[in-house]
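Residue strings, one per chain:
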Protein chains: 2
Amino acid sequence: MPKGNYDICPPECCDMRGMLSFLILWLLSKKPMYGQELAKEIGKRRGTKPNPGTIYPALKELKKRGLIRSKKEGRATNYYITEKGRKGIQTACEYFCKAFGEIFRERMHISARKAEQIH
Amino acid sequence: MPKGNYDICPPECCDMRGMLSFLILWLLSKKPMYGQELAKEIGKRRGTKPNPGTIYPALKELKKRGLIRSKKEGRATNYYITEKGRKGIQTACEYFCKAFGEIFRERMHISARKAEQIH
DNA sequence: CGTTAATTATTGGGTATCCAATACATTTAA
DNA sequence: TTAAATGTATTGGATACCCAATAATTAACG
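Residues numbered from 1 in each chain as written. Chains lettered and ligands numbered in written order. Predicted model: local features only at pLDDT ≥ 70, side-chain atom pairs only at ≥ 80, totals over all residues. Heavy atoms only, no water.

Enquirer: How do you make sense of the relation of the copies chain A and chain B when you look at a structure like this?
Expert: Between the two copies of the chain lies a rotation about an axis combined with a shift along it. In the superposition of chain A on chain B (RMSD 0.1 Å, axial shift 0.0 Å), the rotation amounts to 180°. Look at the turn and shift together and you get a two-fold axis relating the two. Proximity to the rotation axis, assessed at the C-alpha, singles out Gly-18 of chain A in chain A; its C-alpha lies 3.1 Å from the axis. In this assembly, 100% of the residues forming the interface of chain A have copies in chain B that are likewise at the interface, indicating an isologous arrangement. (Least-squares fit on C-alpha atoms with pLDDT ≥ 70 in both. Contact = heavy atoms within 4.5 Å.)

Below is the structure:
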C-alpha cells in the first residue's frame, strides 16, 4: 500500500491533522471495525493513514473512557461504539457542523458562483 | 470576558481543538486582523478562545513561512495574508471540504429528514 | 494625570496526535 | 510446511496546539 495512493492530498500550508478521536467515533457510529480498517477509512478521507502508534493508543483511550468497547475475533480486534459513545458523537457532530459550517457554506457558495459563470 | 459566553460549547467526548493555523489563514483571507481580534473570532466559532500563548506563536510561525505578514499600528499588530497564504488557504479549504464533507452532508441529510417528519 | 483596559509577546509545562520502529500473533498464500 | 501478509500493540521521540502566568506597551476612561 503506497502512501500516496489516495484521491486526496493534504495541503502544504498548514497541518490539517487532528481530531482523531472524533473521526474514530464517527466511523464506528456507522459500523464496527478493527484497528487497521479504521486507519484505512481515515486514510481514504484524509489522504493520510494514521500509524499504529497513533491509532491504537487512541482506541485504548476511547475504551478507557467508555465510549467504545472491543472484542478480539481471530487476529482482529473489532471495536464497537457504546451508547455513551453514540450520544457523544452526536453532540460532537452537531458541534463540528456549527464550528466549521461556515467554511463549507462558503465553499458551496463559490461552487454555485462558478456554475453560474459558465452559463 | 467570561469564558463561557458563547453560543456554542465544545463536546466532552473528544478533543475538537486543532487546525489553528488553518483557521487563522481562513479568517485572515477575509480581512486583516490583530492578534486578539483573531482569537475572538475563533472563539465565536469554536466556543473557546485561544490563549495568547497559543495564538502568537502560531502567528509567528505563519509569518516565518511567508503565509502572512504583520504591521504594528499603535498598540495593535495587524496581520495580513500574503499571496502565498491566499493560495495555500484556497487549497486547504478545498482539502477540508473533501476530507470532512461527508460529516456535513450526513448532518444536512438528517436535518432534512427531520423536517420531512414534521409534515 | 492616574488608573484601568486592551494588546503584544514570551515562557514553561501539558496534551492529543503523530511518525517510525519493533515484536508478537494470526491468517493467508505458495 | 514455510513464507508472506495482515493485524495488534507498545515505545520513544517529535510536533502542533493548548493553558496559565508574566511583563511591557499603548489606548481609553474618569
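Additional details are given in the paragraphs that follow.
Enquirer: Would you mind going over the environment of Tyr-6 of chain A with me for this structure?
Expert: Residues and elements named next belong to chain A. Inspection of the secondary structure puts Tyr-6 in the segment before helix 1 (20-28). Classification of Tyr-6 as partly exposed rests on a relative accessible area of 23%. Along the backbone, Tyr-6 and Gly-47 are 41 residues apart, and their C-alpha atoms lie at a distance of 5.5 Å. Leave out the neighbours within four places in its chain, and Tyr-6 touches Gly-43, Lys-44, Gly-47, Thr-48 and Lys-49. (Helix = DSSP H or I, 4+ residues; strand = E, 2+ residues; numbered from the N terminus. Buried < 20%, exposed > 50% of the residue type's maximum accessible area, 1.4 Å probe, protein only.)

Enquirer: Quick question: what am I supposed to make of the side chain of Asn-78 of chain B here?
Expert: Residue and element names in this part refer to chain B. By the element assignment, Asn-78 lies in strand 3 (residues 76-81). With a relative accessible area of 14%, Asn-78 lands in the buried category. A distance of 3.4 Å separates a polar atom in the side chain of Asn-78 from the backbone nitrogen of Tyr-34. A distance of 2.3 Å separates polar atoms of two side chains, one belonging to Asn-78 and the other to Glu-73. Dropping the residues within four chain positions of it, Asn-78 is found in contact with Met-33, Tyr-34, Arg-69, Ser-70, Lys-71 and Glu-73. (Polar contact = N/O pair within 3.5 Å; in protein donor to acceptor, adjacent residues only side chain to side chain.)

Enquirer: Can you help me understand the packing of aromatic side chains in this one?
Expert: Think of a pair of aromatic rings as described by two things: how far the centres are apart, and how the planes are tilted against each other in angle. Overall, the coordinates contain ten aromatic pairs over all chains when judged by the stated rule. Between Phe-96 of chain A and Phe-100 of chain B, the aromatic rings sit 5.6 Å apart at their centres with planes inclined by 40°, giving tilted as the arrangement. Taken together, the positions of Phe-96 of chain A in helix 4 (residues 83-118) and Phe-100 of chain B in helix 4 (residues 83-118) put the pair across two chains. By the burial criterion, Phe-96 of chain A is buried, and Phe-100 of chain B matches it. Note on Phe-104 of chain A and Phe-104 of chain B: the rings are 3.7 Å apart at their centroids and 40° apart in plane angle, and the pair reads as tilted. Of this pair, Phe-104 of chain A sits in helix 4 while Phe-104 of chain B sits in helix 4, each in a different chain. The burial state of Phe-104 of chain A is the same as that of Phe-104 of chain B; both residues are buried. (Phe/Tyr/Trp six-rings, centres within 6.5 Å; stacked < 30°, edge-to-face > 60°.)

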